Amino acid sequence: INRIGVFTSGGDAPGMNAAIRAVVRAGIYYNKEIVGIYRGYEGMIEGDFEEMDVRSVANILQRGGTMLKSARSKEFRTPEGRKKAFEQLKKSNIDALIGIGGDGSFTGMHHLYLEHGMPYICIPGTIDNDIPGTDYTIGYDTATNTAVEAIDKIRDTALSHNRLFFIEVMGRDSGYIAISSGIAGGAVSIIIPEEETSIDELVEKLNKGGKKNKTSSLVIVAEGGKSGSAMEIAEKVKEKSSYFDTKVTILGHLQRGGTPTYFDRLLASKMGVAAIEGLDQGKTDAMVGIRHHDIIFNKFDDIMNQPKDIHKDDLRIAKILSI
Ligand code: F6P
């Protein structure tokens, strides 16, 4: 493998730039040519490529977002779209790919590999932390810290005005940000997609707190849960409980931006180097991951047919601490 294309795809995540930098620098260190592919699979289909050198990734380590830009491409989900992308890669003599993104990005590279034999390594980059085969994905730590910072600020108002706040955090089908920021932010209840939540039980808990002179409370809600959005849950609770003045805050894309934490920069740097070394050692159709501080590689078929389990013990801890 001599010439490697690097791209970011799906939702941006803080630390993606650190991963691009690591791929470019490690690639050059191992005498590879590195080509930046702009706008994910969209740019791949259009041939939006640029040669990268050591200086093209200067001063990006500490920046949020992705210098290569990102997209969610509908066309690449079709065999015709993938054929177009493969032809562009061949035209540019790219003989392997390193893609930084979530499960959709990984699945895209897997299809390109099956249909056209393009070797690749995926680097997990998503704030949702919902990819099996790795303890952490790039961006999750920063996004959770951002959420905790926001929760702390909202707590000030909740306390000052004796209010109940429902705070919605991101995580499409995943409760990772919710559970971690909920524990760290001292939430009375955490509602996640992985678990059924009974509104009656929630109301009972809030009423119990109210009777014990608890004058303010924070409930963290992961978006996309079965019980509804934070807004919907707040409405249902309002109908059944009169203890609190109720407000809703949706943190939204605030959680996707910002300077990456040291943890995400370190993780991204390790994974970027590992992706280059992995390709060089003949690894393909795989994702680099981290398990107990060690870099590991997992084949697509070994991890992508199962959902990533939420840490059940975290749920237990959250319940113990919110009495
Ligand atoms: O996958 C990351 C994520 O931020 C999810 O948490 C969220 O559901 C989704 O992306 C939002 O996507 P978009 O930015 O395309 O609206």
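Higher on the page you've got the structure.
Quick caveat, the model's predicted, so the values are computed rather than measured. (Residues numbered from 1 in each chain as written. Predicted model: local features only at pLDDT ≥ 70, side-chain atom pairs only at ≥ 80, totals over all residues.)

A. Structural detail: helix α6 (residues 176–184). Burial runs high along α6: seven of the nine residues are buried. Every buried residue belonging to α6 is among Tyr 176, Ile 177, Ala 178, Ile 179, Ser 180, Ser 181 and Gly 182, and all of these are buried. Where the residues of α6 are buried, they touch α5 (140–161), β6 (163–169), β7 (189–191), β8 (217–222) and α11 (312–321). (Buried ≥ 20, exposed ≤ 12 C-beta atoms within 10 Å, placed from the backbone. Helix = DSSP H or I, 4+ residues; strand = E, 2+ residues; numbered from the N terminus. Contact = placed C-beta atoms within 7 Å.)

B. Region of the structure containing the sheet that holds β6. If you trace the four strands from one edge of the open sheet to the other, you get β7-β8-β6-β9, paired in parallel fashion. One side of each edge strand has no neighbouring strand; the edge strands of this open sheet are β7 and β9 (245–250). The mean inter-strand angle of the sheet, taken between neighbouring strand axes irrespective of direction, is 20 degrees. Of the strand pairs in this sheet, β6 and β8 are connected by six bridges, and their pairing is parallel. Along β8, the bridge assignment pairs Phe 165 with Leu 218. This element, α5, spans β6, β8 and β9 of the sheet and lies at about 165 degrees to β6. (Pairing = 2+ DSSP bridges. Axes fitted to C-alpha atoms, helices over the stretch in contact; angles between N-to-C directions.)

C. Quick peek at the site of the ligand. Near the ligand you find Gly 11, Gly 102, Thr 126, Ile 127, Asp 128, Met 170, Gly 171, Arg 172, Glu 223 and Arg 256, and these make up its full shell. The residue inventory of the shell around the ligand, partitioned by class, reads two nonpolar, four polar and four charged. (Near = placed C-beta within 6 Å. Nonpolar A, V, L, I, M, F, W, Y, C, P; charged D, E, K, R; others polar.)

D. How the structure looks around unusual backbone geometry. Unlike most non-glycine residues, Asn 59 shows phi in positive territory, near 60 degrees. On the secondary structure map, Asn 59 appears in the loop between β3 (49–52) and α3 (79–91). We note that Asn 213 has phi near 65 degrees; this positive angle belongs to a residue other than glycine. Tracing the backbone shows Asn 213 in the loop between α7 (199–211) and β8.

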